[in-house]
Amino acid sequence: MADESLFEFLHMEIVSHIFNEQQSGKGEMDNKDRAACISLLEAMGFRVGQGLIERLTRDTPTFKDELDIMKFICKDFWTKVFRRQVDNLRTNHQGTYVLQDNKFALLTQFSAGKQYLDQAPKYLAFSCGVVRGALSNLGLESVVTAEVSVMPSCKCRWNTNT
């Protein structure tokens, strides 16, 4: 329980630090500055995802196909990283996957209302990078995006046909 809180606090502080560093001395941030911050968070997550998947798959047999990889990501990997399984995984069987987590760990500290929806992307960038890094190390180059319509629910979408 304590390690979950520590990770959530560390994540919030990393996001805050990156955005504050970019903003210092400038006043108001423009879209270019926000995009740079989100890109940096995603790159950090990418490296973390690569390392985590190496450790988690060390004793796992080779995956048969892309769907096996996705099942592993949604059950085992997501559980190890975010302490719960995903609520739903959908696919169009053409390389697009949508994962639904109704109580996403890194958004639960926010109010359930709509007032923080505009802040959600910066708190999801690291997680998108973690998933993209994990998929990359498993041989799937992908584009990972996340969206929030109601806090703390999150939909992660990734496309492996890049």
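Cut-offs applied
Residues numbered from 1 in each chain as written. Predicted model: local features only at pLDDT ≥ 70, side-chain atom pairs only at ≥ 80, totals over all residues. Heavy atoms only, no water. UniProt positions renumbered as here; feature names shortened; annotations may be inferred. Helix = DSSP H or I, 4+ residues; strand = E, 2+ residues; numbered from the N terminus. Polar contact = N/O pair within 3.5 Å; in protein donor to acceptor, adjacent residues only side chain to side chain. Pairing = 2+ DSSP bridges. Axes fitted to C-alpha atoms, helices over the stretch in contact; angles between N-to-C directions. Contact = heavy atoms within 4.5 Å. Parallel < 35°, antiparallel > 145°, perpendicular 65-115°, else oblique. Nonpolar A, V, L, I, M, F, W, Y, C, P; charged D, E, K, R; others polar. Buried < 20%, exposed > 50% of the residue type's maximum accessible area, 1.4 Å probe, protein only.

- Under the annotation held in an unreviewed UniProt entry, the protein chain carries the name Trafficking protein particle complex subunit 6B and is attributed to Fundulus heteroclitus.
- According to the UniProt record, the Sequence similarities (unreviewed entry) comment for the protein chain is "Belongs to the TRAPP small subunits family. BET3 subfamily."
- Regarding the protein chain, the relevant UniProt record gives this comment under Function (unreviewed entry): "Component of a transport protein particle (TRAPP) complex that may function in specific stages of inter-organelle traffic. Specifically involved in the early development of neural circuitry, likely by controlling the frequency and amplitude of intracellular calcium transients implicated in the regulation of neuron differentiation and survival."

**A look at the side chain of glutamine 100**
Okay, so step 1: Turning to its location among the elements, glutamine 100 is positioned in strand β2 (residues 96-101).
Okay, so step 2: One polar contact links glutamine 100 to asparagine 102, side chain to side chain, over a distance of 2.8 Å.

**Quick look at the sheet that holds β2**
Okay, so step 1: Reading across the sheet, the 4 strands line up as β1-β2-β4-β3 and stay open at both edges, with antiparallel pairing between neighbours. At either margin of the open sheet sits one strand with a lone partner, and together these are β1 (88-91) and β3 (143-147). The mean inter-strand angle of the sheet, taken between neighbouring strand axes irrespective of direction, is 15 degrees.
Okay, so step 2: Against the sheet, helix α3 (residues 66-82) contacts β1, β2 and β4 (154-159), and its axis sits at roughly 15 degrees relative to β2.
Okay, so step 3: Sheet strands in contact with helix α4 (residues 120-137) are β3 and β4, and its direction is about 150 degrees off that of β3.

**Focus: the packing of helix α2 (residues 31-56) against α3**
Okay, so step 1: Here α2 crosses α3 at 105 degrees, and the two axes come no closer than 11 Å. Taken as axis vectors, α2 and α3 run roughly perpendicular relative to one another. Taken together, the residues of α3 that come into contact with α2 (itself represented by Leu52, Ile53 and Leu56) are Phe72, Ile73, Phe77, Lys80 and Val81.
Okay, so step 2: In the contact of α2 with α3, the residues fall into 7 nonpolar, no polar and 1 charged.

**Overview of the side chain of aspartate 33**
Okay, so step 1: Turning to its location among the elements, aspartate 33 is positioned in helix α2.
Okay, so step 2: Residue class for aspartate 33 comes out buried when judged on its relative accessible area of 8%.
Okay, so step 3: Reaching out from aspartate 33, the side chain makes a polar contact with the side chain of glutamine 22 at a distance of 3.2 Å.
Okay, so step 4: What aspartate 33 contacts, discounting residues up to four positions off in sequence, is Gln22 and Lys26.

**Concerning the pairing of β1**
Okay, so step 1: For β1 and β2, the ladder comprises 4 bridges, and the chain directions are antiparallel. Pairing of threonine 91 across the sheet is with tyrosine 97, part of β2.
Okay, so step 2: Taking the residues between adjacent antiparallel strands as the criterion, β1 and β2 are bridged by 4 residues, where histidine 93 takes a positive phi near 60 degrees.

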